[in-house]
Amino acid sequence: MAVQWLLVCHGLVTLLVVISFLCGQWPIFQGTFISRIHYFITLGAFDYFQRFVAIVFGSRGTNAIHSVENYCCDRPNPILQSLVVVKEQNVIDFGVIYLTIIAATYYMIVQSSFSYIPGYYISGVHRYTSLLAVGVGILLFLLTSFSDPGTVNAENVSEYLSAYPYDNVIYLEKECSTCKIPKPARSKHCSICDRCVARFDHHCGWMVCLQSLKLLLSPNMNNNCIGERNTRYFLAFLLWHFLLCVYGAVAIAFILAGRLKELQVIHILTVYYGIESSFRSLAPQVAQWLLASYNTQVLLVVFLAIVSLLLAGFFGYHANLCLENTTTNETYKWQDYISWQMKISEAKASAAALKASLGDLSNEKKPPESKWKAFFRRSHLEDVEVVKKNIYDKGYFHNFLEVIFPLSTRRRLLQNKTKSG
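Residues numbered from 1 in each chain as written. Predicted model: local features only at pLDDT ≥ 70, side-chain atom pairs only at ≥ 80, totals over all residues. Heavy atoms only, no water.

As recorded in an unreviewed UniProt entry, the protein goes by the name S-acyltransferase, listed as coming from Escallonia herrerae. What the UniProt record of the protein gives under Subcellular location (unreviewed entry) is the line "Endomembrane system". The Sequence similarities (unreviewed entry) field of the UniProt record for the protein holds the comment "Belongs to the DHHC palmitoyltransferase family." (UniProt positions renumbered as here; feature names shortened; annotations may be inferred.)

This is how it looks when you write it as structure tokens:
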């Protein structure tokens, strides 16, 4: 019994570390223990290691670490060439990780559970629907990765300039210093892809495709940004994989329930072992039996359930952004703008309060204010308020329609129809 629980604890800790490493930088995890674990794994541990080496070995040890880091991360080398997509930004090929996770999980399900399909509660058709579901997930991954996110260049910049007006708050009329073209509102120059992307949401590391496939199929494109033209595919990717994880967890749970029924475990426990026929009495015994006999399936259910919750949160976050017609990039821009305006307003309010206090001191005829009145008096800082005005929000229906049918695409089709007519 102790060994099984030790395996479960080990699996949960491993799962927590993997999720923290892969998803800890997501906005929904900001300020949580998952983001702190992610920071420790990606930066903190290496920083502490550098400090330790500097204390023990001095500058020689630090220089040696920097030399190894430069060789492995900052320039191509035969050791890591197959594992890392090496560019100036040194981006890990998360596409390989995604395909590895999908393939490994499906292989484990096939090896551990397909022998029980069909079962008491599950039909044999799930052998084929599961493969189809995984195939659709990979197809959405490739579609999101290889579809144009909305690259802005000299040929189409006029279309994007007319699609979105400048709000003169977080978007001002200016030129991209890198591309040397007018910078449309809601666009951003991605330093990793080295191009301007319309309605830029974020640069998604998961959509970094296999370098060999990219060179073979689309050598001039780096389709790993989420922008105006592939946000719909990205949302479909998240939603489908959430449903895929739920489907897998439920299917395996039905398999385990079927095994309980076929082997008459409940009957044996109550009749032959004299255990009371109640949930409180049977649950620990059934759990012990499942962990002893089907520990792989139990761990798969736990893994798929946790990943489905993560995907549900991430999909919900991005779906809410789409319904409000905003992006992750704009969320950060508004946070910076509001923070800056708050600081300015607080400085003005503090100056006004100071001026009023000095005026009260110079006015000797005014009777002193009661302590209770001064205590309950509203502070000037409480009047500070910065309102966020999103001019691109046109209501849930039109916002959703804009994601499914991008505005620039509709304008282009309308112009072509007008020309042909």
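## Observations regarding the overall build of the protein
On a plain count of helices and strands, the protein comes out with 14 helices and nine strands. Counting over 421 residues, the protein shows a buried share of 35%. In the protein, the share of contacts with a sequence separation of at least 24, taken over all contacts with a separation of at least 6, comes to 70%. Accessible area for the protein stands at about 25,400 Å²; split by element, carbon and sulfur atoms hold 65% of it. (Helix = DSSP H or I, 4+ residues; strand = E, 2+ residues; numbered from the N terminus. Buried < 20%, exposed > 50% of the residue type's maximum accessible area, 1.4 Å probe, protein only. Contact = heavy atoms within 4.5 Å. Areas by Shrake-Rupley, 256 points an atom, 1.4 Å probe, with all protein chains shown as cover.)

## So, the state of the cysteines
Each disulfide consists of one covalent bond between the sulfur atoms belonging to two cysteines. Under the definition given, this model contains zero disulfides. Of the cysteine sulfurs around Cys225, a residue in no disulfide, the closest is that of Cys190, at 3.4 Å. (Disulfide = S-S within 2.5 Å.)

## A look at helix H4 (residues 126-146)
Compared with the 30 Å implied by 1.5 Å per residue over 21 residues, the 30 Å span of H4 between its first and last C-alpha is a close match. Buried within H4 are the following residues: Ser130, Ala133, Val134, Gly137, Leu140, Phe141, Thr144 and Ser145. On an axial view of H4, the arc spanned by its buried residues comes to 135°, and they lie on one face. Seen from the buried face of H4, the exposed residues on the opposite side, beyond 90 degrees, are Tyr128, Leu131, Leu132 and Leu139. (Expected span 1.5 Å × (residues − 1). Arc of directions from axis to C-beta.)

## Details of the pattern of salt bridges
Tallied over the full model, the rule gives seven salt bridges. Arg229 is paired through a salt bridge with Asp148; the nearest N and O atoms lie 3.6 Å apart. Of this pair, Arg229 sits in the loop between strand E9 (225-226) and helix H7 (231-262) while Asp148 is found in the loop between H4 and strand E3 (151-152), placing the two residues 81 residues apart along the sequence. For Arg229, a relative accessible area of 25% corresponds to the partly exposed category. Between Arg259 and Glu262 there is a salt bridge; the shortest N-O distance is 2.9 Å. With Arg259 and Glu262 both in helix H7, this residue pair falls three residues apart, about one helical turn. What emerges from the salt-bridge pattern is a single network uniting Arg186, Arg199, Glu330, Lys394 and Glu402. (Salt bridge = Lys/Arg side-chain N within 4 Å of Asp/Glu carboxyl O.)

## Focus: the packing of H7 against helix H10 (residues 295-323)
Where H7 contacts H10, the two axes come as close as 8 Å, and the packing angle between them is 155°. Considering the angle they form, H7 stands roughly antiparallel to H10. For the crossing formed where H7 meets H10, the hand is left-handed. Of the residues belonging to the contact of H7 with H10, the class tally is 23 nonpolar, six polar and no charged. (Axes fitted to C-alpha atoms, helices over the stretch in contact; angles between N-to-C directions. Parallel < 35°, antiparallel > 145°, perpendicular 65-115°, else oblique. Left-handed = near helix turned anticlockwise from the far one by under 90°. Nonpolar A, V, L, I, M, F, W, Y, C, P; charged D, E, K, R; others polar.)

## Examining the sheet that holds E3
Strand order in the open sheet formed by three strands is E3-E7-E6, with antiparallel pairing between adjacent strands. Since the sheet does not close on itself, it has two edges, and those belong to E3 and strand E6 (188-190), each with one partner. The pairing of E3 with strand E7 (residues 195-197) spans two bridges and is classified as antiparallel. Opposite Val152, over in E7, you have Cys196 as the bridge partner. (Pairing = 2+ DSSP bridges.)

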